[in-house]
Amino acid sequence: MTDVATAFNIFDPVFKANPYPAYCRLRAELPVIIDQHAPICWLFRHADCEEALRDPRLGSPLGSPEVLARKLGEGPAACYIGTSMLARNPPQHTRQRRAVSKAFTAKAVEAMREQVMAKVNGLLDEVTAGGRKEFDLANEVAYRIPISVVCGMLGVPTEHHDRFRSLIEENAAVVEPMPTPEQVVMADKASGELMDIVAGLAAERRVEPRDDLLSVLVAQQGEEGGLTDQELVADVSLLIAAGFCSTMQLIGNTIYTLLRHPDQLDLVRADPAAAAGAVEETLRYEPPVMSWPRSVLEPVSFGGHDVPVGWMVIAVIGSANRDETVFDRPDEFDITRPSPRHLTFGGAVHYCLGAPLARIEAELAVRTIVTRFPDLRLAADDIEWLDNFNVRGLKELPVAV
Ligand code: HEM
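Now for a quick tour of the structure. (Residues numbered from 1 in each chain as written. Predicted model: local features only at pLDDT ≥ 70, side-chain atom pairs only at ≥ 80, totals over all residues. Heavy atoms only, no water.)

Focus: the site of the ligand
Of all residues adjacent to the ligand, which total 29 residues, the nearest are H93, R97, R294, H350 and C352. Side-chain polar atom of H93 to an oxygen atom of the ligand: 2.6 Å apart, as the coordinates give it. Interatomic distance of 2.7 Å between a side-chain N/O atom of R97 and an oxygen atom of the ligand. Secondary structure elements with two or more residues in the shell around the ligand: α7 (92–101), α15 (229–260), β5 (292–296) and α19 (355–372). Considering every element that reaches the shell around the ligand, the biggest residue donor is α15, with 7 residues. The residue inventory of the shell around the ligand, partitioned by class, reads 18 nonpolar, 9 polar and 2 charged. (Near = heavy atom within 4 Å. Polar contact = N/O pair within 3.5 Å; in protein donor to acceptor, adjacent residues only side chain to side chain. Helix = DSSP H or I, 4+ residues; strand = E, 2+ residues; numbered from the N terminus. Nonpolar A, V, L, I, M, F, W, Y, C, P; charged D, E, K, R; others polar.)

Focus: the sheet that holds strand β3 (residues 58–59)
Read across the sheet, 5 strands follow the order β1-β2-β8-β5-β3 without closing on themselves; strand pairing throughout is mixed. Strands with a single pairing partner mark the edges of an open sheet, and in this sheet they are β1 (32–35) and β3. With 4 bridges connecting them, strand β2 (residues 40–43) and strand β8 (residues 312–315) associate as parallel partners. Within β8, the residue paired with C41 across the bridge is V313. (Pairing = 2+ DSSP bridges.)

Okay, structure coming up:
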């Protein structure tokens, strides 16, 4: 191994805290890493990552059933994620995605603006009740916004929100490129419980439908293209997991990065509409998802390396988003950048279903927080990133207002 290869160590806390200098070297000196043992082909340049995310010869982010079994075994975690749309290829994927997609179109979520705004204001009222001046913005605000929005859409009662958060965090192994055996044991336990709760809620809707997405999905089951019981449980669990986890990190990462760049924060203070640009630039600069995989369905080649069927190819989004051949001053946080071509929502048929919703939630959260708290500042010196390679987010974000 050369020095530059050892610089890429997804288990090293120093690397995880600030991976960007290593990515910069990798793009220049070793843009493709072939790990025969895993087996994984890691990509660091924007062009390669974009190609991998879009090439139809590369399939589901989760791999074939064999790859999934190698990573997760055959327990509840493999069953949950392996039945979800994320694990499918067309045409099965097309049918599963279509079943839920109407609720997530740009038009459908645009109509939710007022509702989301009311949730944001309600949460900020709660957290500052009684004149409270300091709080943990990541866990008390950024987490509660997306979980209450997605659970509200599905009709999941509030009493389940906190339990879902723990279960989904314990489930991290399902999207980790190389989960440890301990992570898999934890994910099996969490997936089992998660699927039981969702199956219970679906059974309730079968008896007594309500005005929520879960009832719609249950009603569609008898129609052409409807989901099977297991698909319904898996896709609803995926929506909850995908719906809150990355959006929570996006809100926290945007506020934190603005606080670290006061000149950019001033731009949002002067014109709250600039919050949308701040969110988009954070998606590029501190993406909540560091890397995203694809499985090789037909042989491909990257940087002169042939990658055989059955391998995983991983696009390191965090590196692609700082590629100097695509972005001017890539290490600068500039919220006025015109539509940065980041890869944070993936590409092609699996492109993030919730991207319009995530953007609206984060924009309204950032805009409201900045406007309501003109004295917003960090309330601690040491802010730590999560000890997780793939999820880029903060452990806590203590702020004073
Ligand atoms: C900042 C927030 C978010 C980020 C960074 C993010 C990122 C991603 C990524 C990278 C993918 C895989 C794309 C691919 O394979 O090409 C994905 C897929 C997905 N996301 Fe998101 N996501 C976010 C928010 C959401 C929200 C709010 C929801 C829904 C409530 C959601 C639902 C989904 C679903 C269902 C998929 C699977 C799509 C498929 O397989 O067809 N995501 N997301």
